[in-house]
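# Overview (structure and organization)
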Amino acid sequence: MTEMIDEKFKIIGCEDANSEKIARPTITYWQDAWRRLKTNKTAMVAMIVLIVLIMMTVIGPTLTPYSSDQIIVEDRNETPSAEHWFGTDELGRDIFTRVWKGGRVSMLIGVLGALVVSVIGCIYGGICAYLGGNVDNIMMRIVEILVSVPYLIVVILISLITESKGVGSILIALTITGWCGTARLVRGQILQIKQQEFIMAARALGVSSWKIIIKHLIPNTIGTIIVSITFDIPGFIFAESFLSYIGLGVQSPNTSWGAMASAAQQNLMFYPYQLFFPAVMIALTMLSFTLLGDGLRDALDPRLRQ
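Note that the structure is predicted; figures quoted are calculated from it, not measured.

## What to know about the confidence of the model for the chain
The share of residues in the chain with pLDDT of 70 or more is 88%, and the mean pLDDT across the chain is 81. Mean pLDDT across the elements of the chain ranges from a minimum in helix α5 (residues 151-162), with 76, to a maximum in helix α2 (residues 41-59), with 91.

## Here's the deal with the nonpolar core
Grouped together as the largest cluster of nonpolar side chains are 66 residues, with contacts concentrated most on Val-99 and Leu-217. The greatest single-element share of this core, amounting to 14 residues, is contributed by helix α3 (residues 95-131). Not counting chain neighbours up to four residues away, the residues in contact with Val-99 comprise Phe-86, Trp-257, Met-260, Phe-277, Pro-278 and Met-281.

## Points about the side chain of Ser-256
Secondary-structure assignment places Ser-256 in the loop between α10 (222-245) and α11 (257-264). Taking the relative accessible area as the measure of exposure, Ser-256 reaches 0% and is therefore buried. Setting aside anything within four residues of it in sequence, one finds Ser-256 in contact with Gly-102, Val-105, Ser-106, Glu-240, Ser-244 and Val-250.

## Observations regarding α2
Spanning 19 residues, α2 covers 27 Å between terminal C-alpha atoms, matching the ideal 27 Å at 1.5 Å per step. The set of residues buried in α2 consists of Ala-43, Met-44, Ala-46, Leu-50, Leu-53, Met-56 and Thr-57.

## Here we look at the pattern of salt bridges
In total, this model carries 5 salt bridges according to the counting rule given. The partner of Asp-294 in a salt bridge is Arg-297, and the shortest N-O contact between them spans 3.1 Å. Remark: Arg-297 and Asp-294 occur in helix α12 (residues 273-299); sequence separation between them is 3 residues, near one turn of the helix.

## Regarding the environment of Thr-221
Position of Thr-221 relative to the elements: it lies in the loop between α9 (209-217) and α10. Linking Thr-221 and Ile-190, residues 31 residues apart in sequence, is a C-alpha distance of 7.3 Å. Residues in contact with Thr-221, not counting those within four places in the same chain, are Gln-189, Ile-190 and Ile-193.

## Examining the packing of aromatic side chains
Tallied over the entire structure, the rule returns 7 aromatic pairs. When the centroid spacing of 5.0 Å and the interplanar angle of 70 degrees are considered together, the rings of Phe-86 and Phe-96 count as edge-to-face. Pair noted here: Phe-86 is in the loop between α2 and α3 and Phe-96 is in helix α3, with a separation of 10 residues, a long-range link. Across the pair, exposure class does not vary: Phe-86 and Phe-96 are buried alike. Relative to Tyr-273, the ring of Tyr-271 lies with its centre 6.3 Å away and its plane at 75 degrees, an arrangement referred to as edge-to-face. Each member of the aromatic cluster is reached from another via a ring pair, and the members are Trp-85, Phe-86, Phe-96, Trp-100, Phe-276 and Phe-277.

## Observations regarding a nonpolar patch on the surface
On the surface, a nonpolar cluster with roughly 1000 Å² of combined accessible area is contributed by Tyr-151, Leu-152, Ile-153, Ile-156, Leu-157, Leu-160, Ile-161, Phe-238, Phe-242, Tyr-245 and Ile-246. Those elements that place two or more of their residues in the nonpolar patch are α5 and α10. Top contributing element to the nonpolar patch by residue count: α5, with 7 residues. On the secondary structure map, Leu-152 appears in helix α5. Here Leu-152 falls in the partly exposed class, since its relative accessible area comes to 32%.

Thresholds, definitions, all that
Residues numbered from 1 in each chain as written. Predicted model: local features only at pLDDT ≥ 70, side-chain atom pairs only at ≥ 80, totals over all residues. Heavy atoms only, no water. pLDDT = per-residue confidence, 0-100. Helix = DSSP H or I, 4+ residues; strand = E, 2+ residues; numbered from the N terminus. Core = buried A, V, L, I, M, F, W, Y, C linked by side-chain atoms within 4.5 Å. Buried < 20%, exposed > 50% of the residue type's maximum accessible area, 1.4 Å probe, protein only. Contact = heavy atoms within 4.5 Å. Expected span 1.5 Å × (residues − 1). Salt bridge = Lys/Arg side-chain N within 4 Å of Asp/Glu carboxyl O. Phe/Tyr/Trp six-rings, centres within 6.5 Å; stacked < 30°, edge-to-face > 60°. Patch = residues over 30% accessible without salt bridge, like charges linked within 9 Å, V, L, I, M, F, W, Y side chains within 5 Å. Areas by Shrake-Rupley, 256 points an atom, 1.4 Å probe, with all protein chains shown as cover.

Printed below as a string of C-alpha cells:
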C-alpha cells in the first residue's frame, strides 16, 4: 500500500486571516435579479430599444418644425427626405412627427392598461386565494363568465354608452375584463404561499386578513406580477392598434400607430412608407416588451440563482 506523504498535500483556505471572510458579498433579492438580468444580452438590448422608443415619444415631435396636424398641401405624399425624414401622408402632414405623437397614445394605453389590470387582478386574486371555499368558487365563476365575453363586443358597447372613441373609452373597454388573467395568475401563486410558516405566524399574532393579503401575500408575488405587466403592455398596444385599424379606436385629430396604419393601408401600393413606419414601431415595441418579459421571468425566478 502506498504511503501518504504530507508534502504532497497542502491546506487551502483555512488561514486565520481569512477564516471569517465571506465568499460572496451579501446582496438583496432585487440586486441579484438585476445582476442576472444584465447577463441576458437579449433582454438588455430590448430594454435599450424600449428606452429609446419612450424617449422619442417624448421628444420626437419637438425635433421637427412641423406639428402633428399641420397640413401642407404642396407636400402631399412626399417620400422620406432631408425635409421630411419619414415623408408625408396624403394630407401633407409630417409622418415623423405623427409617428412619435401617436406613440404617446399607444404607450399610454399600454402602460396604464397593464397597471390597472394588475392592481385589480392582484386584489381580486388575493382575496379569492386567501378566503378560499365558497367565496373562491363564486368569485372564480364570475371571472370565467367575464373571460368568455369577447372584448370587441365590450368595446362596441362602451363606445355606444359613452358616445366617444377616445383614450378613456378604449382603456375602460380593454380593462373591464382584462384583469381576469392576472387574477387567475395571482390566485395560483397565493395558493402556494398562504400555507407557509410566516403566514401562519401572522394569523397566530392576530393580523387581519386584509393586512395579510396586502402586506404579505401580494408582495411575495411581485416578481410574477412584474413579468405579467411586461407581457400585458404589448397586448394592450396591439389591441389598441387593432381597434384603431378597424375604426373603433382613436379618432382624428388625435392619432396612434394603429390609426396611422389604418389610414396608410389605402395607399399601400403607391406609398408603402406611410404604412412601414407605424408598423415597425408597433412591431419593435411588442417584440421588445416580450423579450424583456422573458428576461425578467428568468431573472426574478429564485430557483435559477447561481
